[in-house]
Amino acid sequence: MSLEQIFSQKSIILNLESTEKDELFEEMLEAIVAVQPNINRKEALDALNERESKMNTGIMHNIAIPHGNCASAHDVVGAIGISHSGIEYDSLDKAPVYIVFMLLCNPSAVEQHLAVLKDLASVLQNPSFVKEIMEKNSQSEVKELLCKYNAAL
């Protein structure tokens, strides 16, 4: 399953309104539910918060990848959020987060979940990707950029 399949253009938020992690999870979850309306919001939020309680997912400079297992999700589904003002995330480096990739995974899709995390980590290692995504002005531009860098793996 490619990153192109995981992140629908419809689930890309160019200007996140959230300023804190709790708000962020709810805002991004709405984008995922727009793609998969059958997702149980409470179950999804509980899964994200449970994973976050084990280890903060603000793992790279200015980037967070909150994720969790959610039985109501079909396979793996995700959302991309961009904040130009930054989000207080209590990241490992204590810096605000500007780019967020949220993933919800059905517990039966463990291998797919791990493969998506690996591909995403590979794309995010490229400093050009991080710089370029912040400059995009449309959902389609963000999706095209992700596809370009994912194809180069």
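Attention in this report is confined to the structure presented alongside it.

Quick word on the overall build of the protein chain
Of the regular secondary structure elements, the protein chain holds six helices and five strands. The order of α-helices and β-strands along the protein chain, N terminus first, is α-β-α-α-β-β-β-β-α-α-α. In terms of C-alpha radius of gyration, the protein chain reaches 14 Å, essentially the compact-globule figure of 15 Å for 153 residues. Taking the principal axes of its C-alpha atoms as reference, the protein chain extends roughly 35 × 30 × 25 Å. Summed over its atoms, the accessible surface of the protein chain is roughly 7400 Å², and 49% of this surface lies on carbon and sulfur atoms. Side-chain charges of the protein chain comprise 12 positive and 22 negative groups, with the mean position of each set lying 4 Å from the other.

Observations concerning the side chain of Asn-62
Looking at the element boundaries, Asn-62 is found in the loop between α3 (41-54) and β2 (63-64). The contacts of Asn-62, once residues within four sequence positions are left out, are Asp-93, Ala-95, Pro-96, Val-97, Tyr-98 and Ile-99.

Structural notes on the pairing of strand β4 (residues 76-87)
β4 sits mainly inside the fold: ten of its twelve residues count as buried. As paired strands, strand β1 (residues 7-13) and β4 are joined by three bridges and run parallel to one another. Opposite Phe-7, over in β4, you have Gly-78 as the bridge partner. Looking at chain direction, β4 and strand β5 (residues 97-105) are connected through eight bridges and run antiparallel. Within the sheet, the bridge partner assigned to Ile-82 lies in β5 and is Ile-99.

Quick notes on unusual backbone geometry
Although it is not a glycine, Asn-62 sits at a positive phi angle of roughly 70 degrees. When its relative accessible area of 18% is taken as the criterion, Asn-62 is described as buried. Non-glycine residue Asp-75 carries a positive phi angle of around 55 degrees. Inspection of the secondary structure assignment puts Asp-75 in the loop between β3 (67-69) and β4. Asp-75 gets classed as partly exposed once you look at its relative accessible area, which sits at 24%.

Focus: the pattern of salt bridges
Scanning all chains against the criterion turns up seven salt bridges. Its salt-bridge partner being Glu-132, residue Lys-148 comes within 3.8 Å of it at the nearest N-O pair. With a gap of 16 residues between them, Lys-148 in helix α6 (residues 139-151) and Glu-132 in helix α5 (residues 127-134) connect regions that are remote in the sequence.

Let's talk about the state of the cysteines
Scanning the entire structure with this criterion turns up zero disulfides. Of all cysteine sulfurs in the structure, the one in Cys-105 sits closest to Cys-70, which takes part in no disulfide; the separation is 9.2 Å. By relative accessible area, which is 0% here, Cys-70 ends up buried. Cys-105 provides the cysteine sulfur closest to Cys-147, a residue in no disulfide bond, and the two sulfurs are 18 Å apart.

Observations regarding the packing of helix α2 (residues 21-35) against α3
At their nearest, the axes of α2 and α3 sit 11 Å apart, and the two run at 135 degrees to each other. Comparing the axis directions of α2 and α3 gives the class oblique. Between α2 and α3 lies a crossing of right-handed hand. Each of Lys-21, Asp-22, Phe-25, Glu-26, Leu-29, Glu-30 and Val-33 in α2 lies in contact with α3, whose residues at this interface are Arg-41, Ala-44, Leu-45, Leu-48, Asn-49 and Glu-52. Class assignment of the residues belonging to the contact of α2 with α3 gives a composition of six nonpolar, one polar and six charged.

Conventions and cut-offs
Residues numbered from 1 in each chain as written. Predicted model: local features only at pLDDT ≥ 70, side-chain atom pairs only at ≥ 80, totals over all residues. Heavy atoms only, no water. Helix = DSSP H or I, 4+ residues; strand = E, 2+ residues; numbered from the N terminus. Rg over C-alpha atoms; globule rule 2.2 N^0.38 Å. Areas by Shrake-Rupley, 256 points an atom, 1.4 Å probe, with all protein chains shown as cover. Lys, Arg positive; Asp, Glu negative; His and termini not counted. Charge placed at Lys NZ, Arg CZ, Asp CG, Glu CD. Contact = heavy atoms within 4.5 Å. Buried < 20%, exposed > 50% of the residue type's maximum accessible area, 1.4 Å probe, protein only. Pairing = 2+ DSSP bridges. Salt bridge = Lys/Arg side-chain N within 4 Å of Asp/Glu carboxyl O. Disulfide = S-S within 2.5 Å. Axes fitted to C-alpha atoms, helices over the stretch in contact; angles between N-to-C directions. Parallel < 35°, antiparallel > 145°, perpendicular 65-115°, else oblique. Left-handed = near helix turned anticlockwise from the far one by under 90°. Nonpolar A, V, L, I, M, F, W, Y, C, P; charged D, E, K, R; others polar.

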